[in-house]
Amino acid sequence: MPTRRLGDLTVGAQGLGCMGMSHAYSSGQDDTESVATIHRALDHGVTLLDTANVYGAGVNEQLVGRAIADRRDEVVLATKFGIVHRDGQMSARGDASYVRECCEASLRRLGVDHIDLLYQHRVDPDTPVEETFGALSELVAEGKVRHLGISEASVDSIRRAHSVHPVAALQSEWSLWTREIEAEVLLACRELGIGVVPFSPLGRGLLTGAVTSRDDLAEDDARRGFPRFGEDNLDRNLAIVAVLRELAESKNVTAGQLALAWVQHQGSDVVPIPGTKRRAYLDENVAAATVELSEDDLARIESAASAGEVAGERYPESFARIAGR
């Protein structure tokens, strides 16, 4: 696996999103297979492992911690804080005392003495980002955190955070059909030397072709609540995937590999974190990191999977309220 830079942090060119091992997509998680998947990722040279305190209410951090206990020196460990639930609604919190509380709790669950990359998961609308990053900078000074990140943030929040302490990485959704960061956010990150970590680079699995109907989603799968997986939108979106699959076959790769390779080709400062909990899918994703695409290939892919043709918003309303602040 080649390496890339997120600010002054060096990581493998592709990371691993660990959320689905404990959270969101279905019940019946297999911790043994998840740990084996993390170990396989490290064997491939995937160094950036991504989790968050909210995934499984801390269970995912515990799982990741167990998996890396004997291989800590091979890992760039990233976690996040800041999403909270109030009165059944998703919200954000970033006051100084909460920042420290979350960091200490994550260190305990992960079983480590430092976090390599700690993100503010969502910007708190009621707390100045300067306060949040001031508290984070204290944790860096204490050696409990090595690098700082911010997630799903606006240009204004990114600039203000970076003015307090260097931001190594922005984590935001970015895929063939989620392109919003390209207009302004991506340009600001490159101006400031901030790396970009796209989550859901496979459109929450839809771009792989693995989901062919809502019947493929377990009853407790969070995607059932996302507009693009809704009954009114799914058929239109699957038509885009069908075109992408045809193009992938001409390159002797899967639709998912083609979509992921497109993200990998967006710059040397881009490190996607496709999520999986199975070794077979991990191997497929990792192979996409070395797929070569010409300028003509990239243009054909964008034409086949135009973001303008996507049906439905990327988030349900409860999620969207705290994104992009």
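Look above for the structure.
Residues numbered from 1 in each chain as written. Predicted model: local features only at pLDDT ≥ 70, side-chain atom pairs only at ≥ 80, totals over all residues. Heavy atoms only, no water.

Notes on empty space enclosed by the protein
- Under the definition given, this model contains one cavity of 30 Å³ or more.
- Approximately 60 Å³ is the volume found for the largest cavity.
- Around the largest cavity, the lining residues are Glu173, Trp177, Gly203, Arg204, Phe226, Arg228, Phe229 and Arg314.
- Of the residues contributing to the lining of the largest cavity, the split by class is three nonpolar, one polar and four charged. (1 Å grid on protein atoms, 1.4 Å probe; cavity = no way out; pocket = protein on both sides within 12 Å on 5 of 7 lines; lining within 4 Å. Points joined across faces, edges and corners; volume = space filled by probe spheres on them. Nonpolar A, V, L, I, M, F, W, Y, C, P; charged D, E, K, R; others polar.)

Describing helix α1 (residues 31-44)
- For α1, spanning 14 residues, the distance from its first C-alpha to its last is 20 Å, which sits close to the expected 20 Å at 1.5 Å a residue.
- Those residues of α1 that fall on the buried side of the exposure criterion are Glu33, Ser34, Val35, Ala36, Thr37, Ile38, Ala41 and Leu42.
- In this structure, the buried side of α1 is in contact with β3 (16-17), β4 (48-50), α2 (59-68) and α9 (279-288).
- Backbone nitrogen of Thr32 and a side-chain oxygen of the N-cap are separated by 3.1 Å at the start of α1; the cap is Asp30.
- The first or second residue beyond α1 is Gly45, which carries a positive phi of 95°. (Helix = DSSP H or I, 4+ residues; strand = E, 2+ residues; numbered from the N terminus. Expected span 1.5 Å × (residues − 1). Buried < 20%, exposed > 50% of the residue type's maximum accessible area, 1.4 Å probe, protein only. Contact = heavy atoms within 4.5 Å. Polar contact = N/O pair within 3.5 Å; in protein donor to acceptor, adjacent residues only side chain to side chain.)

As for the pairing of strand β5 (residues 76-81)
- Summarising burial for β5: six of the six residues are buried, a large majority.
- Side-chain alternation along β5 places Val76, Ala78 and Lys80 on one buried face and Leu77, Thr79 and Phe81 on a second face that is also buried.
- When β4 meets β5, the two strands line up parallel, connected through three bridges. Counterpart to Leu49 in the pairing with β5 is Leu77.
- Chirality of the crossover, the property in question, places the unit of β4, α2 and β5 among those that are right-handed.
- One ladder, built from four bridges, connects β5 with strand β8 (residues 115-120); its direction is parallel. Note that in β8 the partner of Ala78 across the bridge is Leu117. (Pairing = 2+ DSSP bridges. Right-handed = clockwise from strand over helix to strand, strands pointing away.)

Brief notes about the sheet that holds strand β9 (residues 145-151)
- Reading across the sheet, the seven strands line up as β3-β4-β5-β8-β9-β10-β11 and stay open at both edges, with parallel pairing between neighbours. Every other strand in the sheet has two partners, leaving β3 and β11 (195-199) as the edge strands with one partner each.
- Where β8 lies against β9, five bridges are found, and the strand directions are parallel. Paired with Leu117 across the bridge in β9 is His147.

Quick notes on the packing of helix α8 (residues 255-264) against α9
- α9 packs onto α8 with a crossing angle of 45° between their chain directions and a minimal axis gap of 8 Å. One finds that α8 runs oblique with respect to α9. Handedness of the α8/α9 crossing: right-handed. The segment α8 lies against α9, with Gln257, Leu260, Ala261 and Gln264 engaging Glu284, Asn285, Ala287 and Ala288.
- For the contact of α8 with α9, the per-class residue count stands at four nonpolar, three polar and one charged. (Axes fitted to C-alpha atoms, helices over the stretch in contact; angles between N-to-C directions. Parallel < 35°, antiparallel > 145°, perpendicular 65-115°, else oblique. Left-handed = near helix turned anticlockwise from the far one by under 90°.)

Considerations on the layout of surface pockets
- If you add up the space inside the largest pocket, you get close to 1200 Å³.
- When contributions to the lining of the largest pocket are tallied by element, the ones reaching two or more residues are β6 (83-86) and α9.
- For the lining of the largest pocket, the element with the most residues is α9, which contributes three residues.
- Looking at the lining of the largest pocket, its residues break down into 23 nonpolar, 15 polar and 10 charged.

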